[in-house]
Amino acid sequence: MKIITIIGARPQFIKAAVISRRISELNSKNSSHVIDEVIVHTGQHYDEEMSGLFFRELEIPEPKYNLEIGSGNHGYQTGKMLIALEEVLQKEEPDWVLVYGDTNSTLAGALAATKLHIPIVHVEAGLRSYNRRMPEEINRVLADQVSKLLFCPSQTAVDNLALEGIKKGVHITGDVMMEAVKFAEDKIPENPEILAQLGIKPKKYLLATVHRAENTDDIHRLKDILAAFGTIDSTIVFPVHPRTRKLLETTKYSSPENVILIDPLGYFEIITLEKNAQMILTDSGGIQKEAYWLKVPCITLREETEWVETVSNGWNVLTGADKDKIIGAVKSFKMPENHPPLYGDGSTSLYCIQKILEAKI
Ligand code: UD1
Ligand code: UDP
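Heads up: these notes are all about the structure in this document. (Residues numbered from 1 in each chain as written. Chains lettered and ligands numbered in written order. Predicted model: local features only at pLDDT ≥ 70, side-chain atom pairs only at ≥ 80, totals over all residues. Heavy atoms only, no water.)

A few points about the nonpolar core
Looking at soluble globular proteins, one finds that nonpolar side chains tend to be buried together.
Part 1 of the argument: The biggest cluster of nonpolar side chains holds 69 residues, and the ones touching the most others in it are I19, L58, V121, V237, Y267, I271 and L273.
Part 2 of the argument: Look past the residues within four positions of V121 in its chain and what remains in contact with it is W96, V97, L98, V99, L149, F151 and I356.
Part 3 of the argument: Core analysis: the second largest hydrophobic core is formed by 26 residues, L226, L247, L281 and A321 among them. (Core = buried A, V, L, I, M, F, W, Y, C linked by side-chain atoms within 4.5 Å. Buried < 20%, exposed > 50% of the residue type's maximum accessible area, 1.4 Å probe, protein only. Contact = heavy atoms within 4.5 Å.)

Observations regarding the site of ligand 2
Part 1 of the argument: Looking at ligand 2, there are 19 residues lining it, with R212, L265, S284, G285 and E290 nearest.
Part 2 of the argument: A distance of 3.5 Å is found between an oxygen atom of ligand 2 and a side-chain nitrogen or oxygen belonging to H211.
Part 3 of the argument: Notes on ligand 2: free accessible area 530 Å², of which the protein chains cover 95%.
Part 4 of the argument: Those elements that place two or more of their residues in the shell around ligand 2 are α1 (10–29), α12 (267–276) and α13 (285–293).
Part 5 of the argument: Broken down by element, the residue count for the shell around ligand 2 peaks at four residues, all from α13. (Near = heavy atom within 4 Å. Polar contact = N/O pair within 3.5 Å; in protein donor to acceptor, adjacent residues only side chain to side chain. Areas by Shrake-Rupley, 256 points an atom, 1.4 Å probe, with all protein chains shown as cover. Helix = DSSP H or I, 4+ residues; strand = E, 2+ residues; numbered from the N terminus.)

Focus on the site of ligand 1
Part 1 of the argument: Close contacts around ligand 1 come from 20 residues, with H45, N104, E136, H211 and R243 the closest.
Part 2 of the argument: Contacts to ligand 1 include H211, whose side-chain N or O atom sits 2.8 Å from an oxygen atom.
Part 3 of the argument: A distance of 2.8 Å separates an oxygen atom of ligand 1 from a polar atom in the side chain of R243.
Part 4 of the argument: For ligand 1, the accessible surface in isolation is 740 Å², of which the surrounding protein chains cover 89%.
Part 5 of the argument: Contributing elements (two or more residues each) for the shell around ligand 1: α3 (74–92) and α11 (242–251).
Part 6 of the argument: Considering each element in turn, the shell around ligand 1 owes the most residues, three residues, to α11.
Part 7 of the argument: Each residue belonging to the shell around ligand 1 can be placed in one class, and the counts come to five nonpolar, nine polar and six charged. (Nonpolar A, V, L, I, M, F, W, Y, C, P; charged D, E, K, R; others polar.)

Right, dumping it as structure tokens:
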């Protein structure tokens, strides 16, 4: 069976690494290749610390194609991907196309495949924010519509799909990112250098990330977030996404003194910082879940989240970019007594591969 995996952005490298590793294990246990995986990198993310670093750290096989699409407005970027992907898919003639999450690379991959009648597997299907101003929401709704196998991290995701009339090919699989966290935790040394390098001590600092369009297209929201950070009586380590770096540079806005701005980190270092943080402040989808699995309180700098279970279980609080709400949430956070398992049991990747192998094309 031949699968083309289409990825392009940081979180997709992390998710794809888990499934690719399982495919390699499966192939090595059998005398002939069970699955021939061809990786296509759209080039949506291209900086070393947003792309190459993850391929090396997470031992992701070298992409057979790097389309080098790069940055641009949504239509331009997605359109260029679509043209290039169509050519690759026509040449490779895969049995399945595998896409992850909700980026422009996901949408382009799904559109290119469906027009060529190639069945699509969507990992992280059914997630909804119910905010159609989010580019990701459009990407996921459309990708789900054309997918044949829809792998959902939770019952909520299955229910969201049912509301849109999608019931066939839907499976609750859990989330592959849980396995990524376990993989990283096993590799993290007892005394990680990154803490000493930053001059911080376990559980004595906060960790922040901000990259969502709503928080980085408008300097006022980012300023409010940073102003809230400035009132917090702790060091805040803030690895800066290139999109956010660009906004800070063009507006010449300097951050408060307790905020340490650093370059984006590799996966093992960010998991180290998440695990040792007293609290996480983020608008990242992936980091909200990682915070939950690592039992670290999370403040989400958005008005809504797809990962609603982390909120209902008391481990995640939504504040948007509202300065007072952020300050209030940090001060008043109470550690919940319970931590029910969420998003699977760590065997998601195996289950997903089984479902692909069993599915009738
Ligand atoms: C994209 C995804 C978002 C995901 C995020 C993960 C879409 C619509 N958005 O957002 O869902 O959460 O990735 O990080 O697909 N840039 C660089 N170097 C890079 C990559 C980007 O400098 O390697 C800068 C460019 O100025 C670019 C901007 O970041 O214009 C935004 O990049 P883009 O890939 O369009 O969107 P993200 O904000 O990264
Ligand atoms: N991440 C990373 N280095 C960083 C920031 C984030 O490796 O400096 C990881 C993070 O741990 C998570 C994933 O990238 O696994 C999330 O990606 P991002 O926040 O860019 O996108 P989202 O999940 O919001 O789509």
